[in-house]
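Given next are the chains, with one letter for each unit.
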Amino acid sequence: MPKVSIAILFCIFTFSFLGSFFYGVDPYALQSNSILTPPSFQHLLGTDRLGRDILARLIEGGKISLIIGVGSAFIASFIGLILGSMAGYFRGVVDKSFIVTVDLFLTFPTFFLLLALVSYVNASAWVLIIIISITGWMTTARLIRSESFSITTQPYIKILNIAKVSKIKILFKYYAPLLAPIYFVSFTFGVGGAILAESGLSFLGLGIVAPQMSWGTILSGGKEVIEIAWWVSFFPGLMIFLVTFSLINISNFLQQLTNQKQIQS
C-alpha cells in the first residue's frame, strides 16, 4: 500500500509541476462559447462557468496547493521539533513556558484560529504558509517533548551532561537522529492537514485571492453549479482526496516502522 501511495503522490507532483509543459492550454483564458462544457476531447475535464479549462486550472492550482502543503508542514514540524526537544531536554522553566504556550494555542480550535488570522490579511500562498505553520506546530511539539523526556533519562545523555558537552551538540548530534522518525511522521500528516486547511479557507472565500488559484478555490468555484456541472468541483476534490489519502497511508506506514524499532530496542 505505501508503494501505491508513493506512486500516486509522484504522479500528482509530476502532473502539477510538469503538466503545463505537455498541456499548453491557458488556465486563465475565458471562452464564452465553452461555458460549463462537460468533459470531452476538446476539454478533457470540462470547463467552468467562465469557460476556463478545468484540466489546465488543476495543473496551475496544484502548484499552489502543494507548495502551501509542503511549506506549511515543513515549517510547522521544524518549529515543533525545536521547541519540543528544548522543552524535553532543558525542562524546568523552559518546559513550563512551553506547556503554557501550547495550552494557550490549544484553547482555540485550530481552524477557527486560522479564520481569525486570515480575516485580517489578504491571503496569498506565502501568507497562508506562515499562518498555517503558526497554528499547526503544537501536535508535533508535544510528541517531540514526550520522546525527548525518555531520551533525557538515557545513561549516555547523563554522561554527556556530566562531561559538560555542549548542549547544542547534544541536541543536534544525539537527539535529532532519534527524533527524526517522529518528525517525518508529523510532516506527512502536516502536508495533508495544510492542504485541507487551505482548501477549507478557499471554500469559504478566505483563501487564495484571484487571479491565483488552488484546488480549494477551483472546488469553491463549482459549488454554485454542482447540480448542472459536477465536474467543476469533482476533479479538484478528487485531487485533494488522493493527496491526503496517500499521505495518511504513508504516515501510518512510517508510524508502524517507528513502533517496531521501539519494540525491538
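For the structure itself, look to the data block above.
Draft legend 1. Structural context of the overall build of the chain. When helices and strands are tallied, the chain shows ten helices and zero strands. Of the regular secondary structure in the chain, the N- to C-terminal order runs α-α-α-α-α-α-α-α-α-α. With respect to the three principal axes, the spread of C-alpha positions in the chain is 75 × 40 × 30 Å. For the chain, the proportion of its 265 residues judged to be buried stands at 43%. Long-range contacts, defined as pairs at least 24 residues apart, comprise 73% of the intrachain contacts of the chain with a sequence gap of at least 6. With 16 positive and 10 negative side-chain charges, the chain shows a separation of 21 Å between the mean positions of the two kinds.

Draft legend 2. Looking closely at unusual backbone geometry. In this model, Leu 36 sits at a positive phi of 50°, which is unusual for a non-glycine residue. In the Ramachandran plot, Arg 91 falls in the positive-phi region, its phi being about 55° despite a non-glycine side chain. Structurally, Arg 91 is set in the loop between helix H2 (54–90) and helix H3 (92–106).

Draft legend 3. Spotlight on the pattern of salt bridges. Tallied over the entire structure, the rule returns five salt bridges. Between Glu 60 and Lys 63 there is a salt bridge, with its nearest N and O atoms 3.7 Å apart. Within this pair, Glu 60 and its partner Lys 63 are both found in helix H2, separated by three residues, close to a single helical turn. Residue Glu 60 is classed as partly exposed on the basis of its relative accessible area of 23%. Taken together, the shared-partner salt bridges in this structure form one network comprising Asp 48, Arg 52 and Arg 57.

Draft legend 4. Seen up close, helix H8 (residues 167–203). Its 37 residues give H8 an end-to-end C-alpha distance of only 46 Å, which falls more than 12% under 54 Å, the value for a rise of 1.5 Å per residue. Maximal helix bending in H8 amounts to about 55°, located at Ala 176; proline Pro 177 follows within four positions. Looking one or two residues beyond H8, the residue adopting positive phi is Gly 205, at roughly 85°.

Draft legend 5. Main features of the nonpolar core. Leu 58, Trp 215 and Val 243 are the most contacted members of the largest nonpolar core, which totals 25 residues. Residue contributions to this core peak at eight residues, all from helix H10 (residues 231–264). For Trp 215, the residues in contact, after removing those within four places along its chain, are Ile 12, Ser 16, Leu 58, Gly 61, Gly 62, Ser 65, Leu 66, Pro 236, Met 239, Ile 240 and Val 243. Counting 14 residues, the second largest nonpolar core, distinct from the first, contains Ile 68, Leu 128, Ile 129 and Ala 194.

Cut-offs and rules
- Residues numbered from 1 in each chain as written.
- Predicted model: local features only at pLDDT ≥ 70, side-chain atom pairs only at ≥ 80, totals over all residues.
- Heavy atoms only, no water.
- Helix = DSSP H or I, 4+ residues; strand = E, 2+ residues; numbered from the N terminus.
- Buried < 20%, exposed > 50% of the residue type's maximum accessible area, 1.4 Å probe, protein only.
- Contact = heavy atoms within 4.5 Å.
- Lys, Arg positive; Asp, Glu negative; His and termini not counted.
- Charge placed at Lys NZ, Arg CZ, Asp CG, Glu CD.
- Salt bridge = Lys/Arg side-chain N within 4 Å of Asp/Glu carboxyl O.
- Expected span 1.5 Å × (residues − 1).
- Bend = angle between axes of the 7 residues up to and from the residue.
- Core = buried A, V, L, I, M, F, W, Y, C linked by side-chain atoms within 4.5 Å.

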